[in-house]
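# Fold and geometry: a report
Read off the chains here:
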Amino acid sequence: MTPSPTPLGITGSTGHLGGRIARRLADRGVGQRLLVRDPSRAPELPDTTVARADFSDAEAVAAALTGIDTVLMVSVTEGLDRLAQHRSFVDAAAKAGVRHLVYISFYGAAPDATFTLARDHYDTEQHIRASGMAWTFLRDNLYADLLPWLAGVDGVIRGPAGDGRAATVAQDDIADAAVAVLLDPAAHAGQVYSLTGPESLTLDEVAATIAAATGRQISYHRETVPEAYESRAGYNAPDWQLDAWVSTYTAIASGELAGVTDDVERLTGHPATTLAEVLSRT
């Protein structure tokens, strides 16, 4: 396996997942060009250059990606214009001559997915497919690392997930999988990988695992959908955000996030990490 002779284009390096990927690539001696909105927040890594390029600034993106063959595209922050920003970035990458786009998508991305934001990921995938570039999609399940944050200050996880299950995945595993693809992109062209943990847990089991790891009293309360909207009304969030929050739980209830795959192990060579193992490392 030989790293690309040209730098890899990396987005999202100021975030938790993109930062993990950028650091792993640097540790392997891979040259990178980091596309960021705020260069002062970019990680300082060897053999790396930094370019200011907002996804919606097509001219800046095209300039930053000129001479780059392979690009990691980490989705931008959730918002009403997220899909428009994604389309702008994809078009600019194609214009710049990028050959291969590796996109961090979401598990079960589909036009009729219960989780509303998974629909945006599907639309982005379709735009990438139509771009003429080679592509690889990494469809991540819910992040295991973030599950403790589902509990309120009272230690209760509230949501309309019923007895549904989710095969949540560790961000470190996603990063390892992404690096494997980026180091040999041609071997993964046209592939869709669904990245999950090794187990599918109910929220009761998630609560018990968090409690065992932290020593806190954690429990899961089954809300109805109307109760879920009502309990979140105090955040004064826009409707699309409320829909995203609630549909995270209804997607679990529907079984759409329950399937376990071996894609992490196939890509990385190591077993996927359990939730208990993730929590033991934090």
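Since this is a predicted model, take the numbers as computed values, not measurements.

### Details of the overall build of the protein
- Counting secondary structure elements, the protein contains 10 helices and 11 strands.
- Counting over 282 residues, the protein shows a buried share of 52%.
- Long-range pairs, those at least 24 residues apart, make up 74% of the contacts in the protein between residues at least 6 apart in sequence.
- If you sum the accessible surface of the protein, you get close to 12,600 Å²; carbon and sulfur atoms cover 49% of it.
- Between the centroid of the 22 positive side chains of the protein and the centroid of its 36 negative side chains there is a distance of 3 Å.

### Comments concerning the sheet that holds strand β6 (residues 134–140)
- In spatial order, the strands read β3-β2-β1-β4-β5-β6-β9; together these 7 strands make up an open sheet with parallel pairing. Of all the strands in the sheet, the pair left with one neighbour each is β3 (48–52) and β9 (191–195). Here the strands of the sheet are splayed against their neighbours by 20° on average, with no regard to which way each runs.
- Where β6 and β9 come together, 5 bridges link them in parallel fashion. Bridged to threonine 136 within β9 is glutamine 191.
- Sitting on the sheet, helix α2 (residues 58–65) is in contact with β2 (32–36), β3 and β4 (70–74), with an inclination near 170° to β2.

### Describing unusual backbone geometry
- Look at aspartate 47: it is not a glycine, yet its phi comes out positive at around 55°.
- The topology assignment puts aspartate 47 in the loop between β2 and β3.
- What makes aspartate 47 exposed here is its relative accessible area of 58%.

### Focus: the packing of α2 against helix α3 (residues 82–96)
- α3 packs onto α2 with a crossing angle of 40° between their chain directions and a minimal axis gap of 8 Å. Taken together, the axis directions place α2 and α3 in an arrangement best described as oblique. Note on packing geometry: the crossing formed by α2 with α3 is right-handed. Along its contact with α2, which presents Ala58, Val61, Ala62 and Leu65, the element α3 presents Ser88, Phe89, Ala92, Ala93 and Ala96.
- Partitioned by chemical class, the residues of the contact of α2 with α3 number 8 nonpolar, 1 polar and no charged.

### Some points on α3
- Look at α3: 21 Å from first C-alpha to last across 15 residues, which is about the 21 Å you get at 1.5 Å a residue.
- Among the residues making up α3, those that are buried are Arg82, Leu83, Gln85, His86, Ser88, Phe89, Val90, Ala92, Ala93 and Ala96.
- Of the residues one or two after α3, glycine 97 is the one with positive phi, at around 95°.

### Focus on the pairing of strand β5 (residues 100–106)
- Burial of β5 is extensive: 7 of the 7 residues sit out of reach of the surface.
- Because side chains alternate across β5, one face comprises the buried residues His100, Val102, Ile104 and Phe106, and the other comprises Leu101, Tyr103 and Ser105, equally buried.
- Where β4 meets β5, 5 bridges bridge the pair, whose relative direction is parallel. Its bridge partner being in β5, valine 74 is matched across the sheet by isoleucine 104.
- Here β5 runs beside β6; their pairing, made up of 7 bridges, is parallel. What sits directly across from serine 105, in β6, is arginine 139.
- Handedness of the crossover joining β5 and β6 through helix α4 (residues 116–129) is recorded here as right-handed.

### Structural notes on the pattern of salt bridges
- Under the defined criterion, the tally for this structure stands at 13 salt bridges.
- A salt bridge links aspartate 172 to arginine 20, with the shortest nitrogen-to-oxygen separation between them at 2.8 Å. Here arginine 20 lies in helix α1 (residues 16–27) and aspartate 172 lies in helix α5 (residues 171–183), a separation of 152 residues in the sequence.
- Between arginine 158 and aspartate 154 there is a salt bridge whose closest N-O contact spans 2.8 Å.
- Given the relative accessible area of 32%, arginine 158 is considered partly exposed.

Calculation notes
- Residues numbered from 1 in each chain as written.
- Predicted model: local features only at pLDDT ≥ 70, side-chain atom pairs only at ≥ 80, totals over all residues.
- Heavy atoms only, no water.
- Helix = DSSP H or I, 4+ residues; strand = E, 2+ residues; numbered from the N terminus.
- Buried < 20%, exposed > 50% of the residue type's maximum accessible area, 1.4 Å probe, protein only.
- Contact = heavy atoms within 4.5 Å.
- Areas by Shrake-Rupley, 256 points an atom, 1.4 Å probe, with all protein chains shown as cover.
- Lys, Arg positive; Asp, Glu negative; His and termini not counted.
- Charge placed at Lys NZ, Arg CZ, Asp CG, Glu CD.
- Pairing = 2+ DSSP bridges.
- Axes fitted to C-alpha atoms, helices over the stretch in contact; angles between N-to-C directions.
- Parallel < 35°, antiparallel > 145°, perpendicular 65-115°, else oblique.
- Left-handed = near helix turned anticlockwise from the far one by under 90°.
- Nonpolar A, V, L, I, M, F, W, Y, C, P; charged D, E, K, R; others polar.
- Expected span 1.5 Å × (residues − 1).
- Right-handed = clockwise from strand over helix to strand, strands pointing away.
- Salt bridge = Lys/Arg side-chain N within 4 Å of Asp/Glu carboxyl O.

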